[in-house]
Amino acid sequence: MLDANSYENCIPLLISKVKALEEAMFFEVPVGEEAKSIEVASQLWQALLDSGVDRNSLIVNLGGGCVSDIGGFVAAGYKRGIRYINVPTTLVGMVDAAIGGKTAVNLNGSKNQVGFFQMPDAVCVCTDFLDTLPDEEMMSGLFEMAKTMILSDADALTTMESVFVSDGISHEELTSLVVRCVKFKQDVVDADPRDKSIRRMLNFGHTFGHAIESFENEKGHSVSHGIAVGVGMACELYLSHKKLGMSEVPLKRYCSLLDSLVGMPKYTLRDTESILRFMKHDKKNRNDLILCTLIQEEGVPVIDVAIDENEVRDALLQIAKF
Ligand code: GLY
C-alpha cells in the first residue's frame, strides 16, 4: 500500500534496496487523511480479493502515518488478519505512527474512531527517505521527536535547542536521534501494547494538540499534526508548571523555541471556547474528565491528569506570555 507521494519519491529507492519488491502489486491510497475512511478500506479489501491476495500474503505499507493507519487497518481486517510491515517515509511515521500497531480509520470527520490494535511484523526505518520530505513535514516530525525527548530525557531542552536552532543537524545525528526515539517508543509499546497504562504517556501534547488541529482545520487553515502537537506541548508544559510544580525554566525555554520556529499563536477568548469544544470530545476522556499527560520534570511524565475547563482556557491564553 502506498500513496502518490511515496510512489513517486520512495519506490525507486526501496526497490533498489529490496529487489524482491519488483514483483510486488501496488495498491494506491489517497494522499493524507482522505485515505483513512471505511469506504477506502472497503475498496482495498475488494482489490485485494480481486488480485488473489491470500492469508499468506504480506502487505508492505510504504508512506507516512496515514498509509500505515489505513494499510494496517486493511491488513487487520482482511481474512481476519494478514501479516503486514510498515516502511515509514516521514519523520512522524518513523518515530511514532509506524510503531505500535495502532490502526484506524476516521468516522464522519472524527479522527481514528474505528480501528484495531494489530502489531506489524516489522517496522523498517530508512532515514534516506527523509531527503525528499517537504520542510513542513520535517518540522512536524521534529515536534514528535521533541515529545519523545521531553518524555525520556532529563536534558531534553538542551538536545532540542541544538537540533532545532543550530545550522541544522547532520544526517548521521538525525538518524541517531530517530533510533533513540524508535527504541523508546518500542519499549513503551512492549510494556503496554494496548494502551492501558504507561503507553498513554505518548499522548503528551496531544490532548491540546488534537483539539488545536481540529480547530484550525475547521477555520480552513491547514496545520500539520506535529505543529499542532508542538503548540499542545506548550499548553501542557504550562499546566505541568501550574499543577505539578514543574520548574518554569523548561516551559520558558520550550516556548521561546516554539516561538522562534513557528510563532506562538495568540488565541482569543472565542478561540478558547472552540478549542475546548473539541477537547470535550477527545476519545481519551473518561467520565467527562479531560485527561492529559503532564510532566513532573523533563524525563518524568505523569499520565491521566484531569484538567478542568478553566485550566484549558488559562493555558491557551497564557502560553503567548512566555
Ligand atoms: N501515538 C501514540 C501511540 O502510539 O500510542
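Preceding this section is the structure that the text describes.
To start, this report covers the structure provided alongside it. (Residues numbered from 1 in each chain as written. Predicted model: local features only at pLDDT ≥ 70, side-chain atom pairs only at ≥ 80, totals over all residues. Heavy atoms only, no water.)

**Some points on the pattern of salt bridges**
At step 1: Scanning all chains against the criterion turns up 19 salt bridges.
At step 2: Here Glu 144 ties to Lys 147 by a salt bridge, and the two come within 3.2 Å at their closest N and O atoms. Here Glu 144 and its partner Lys 147 are both found in helix 5 (residues 135-152), three residues apart, which amounts to about one turn of the helix. Pair check on accessibility: Glu 144 and Lys 147 agree, each one buried.
At step 3: One salt bridge connects Lys 243 with Glu 311, and the closest N-O pair in it is separated by 3.0 Å. Of the two residues, Lys 243 sits in helix 9 (residues 225-244) while Glu 311 sits in helix 12 (residues 309-318), which places them 68 residues apart along the sequence.
At step 4: Note on Lys 243: relative accessible area 32%, which makes it partly exposed.
At step 5: Here the salt bridges do not stand alone but share partners, grouping Glu 33, Lys 36, Asp 69, Lys 111 and Glu 213 into one network. (Salt bridge = Lys/Arg side-chain N within 4 Å of Asp/Glu carboxyl O. Helix = DSSP H or I, 4+ residues; strand = E, 2+ residues; numbered from the N terminus. Buried < 20%, exposed > 50% of the residue type's maximum accessible area, 1.4 Å probe, protein only.)

**A short note on the nonpolar core**
At step 1: Core analysis: the biggest nonpolar cluster contains 75 residues, and Leu 91, Met 145, Ile 150, Met 160, Phe 208 and Tyr 254 have the highest contact counts within it.
At step 2: Considering each element in turn, this core owes the most residues, 10 residues, to helix 9.
At step 3: Of all hydrophobic cores here, the second largest spans 19 residues; its members include Val 53, Ile 59, Ile 70 and Val 74. (Core = buried A, V, L, I, M, F, W, Y, C linked by side-chain atoms within 4.5 Å.)

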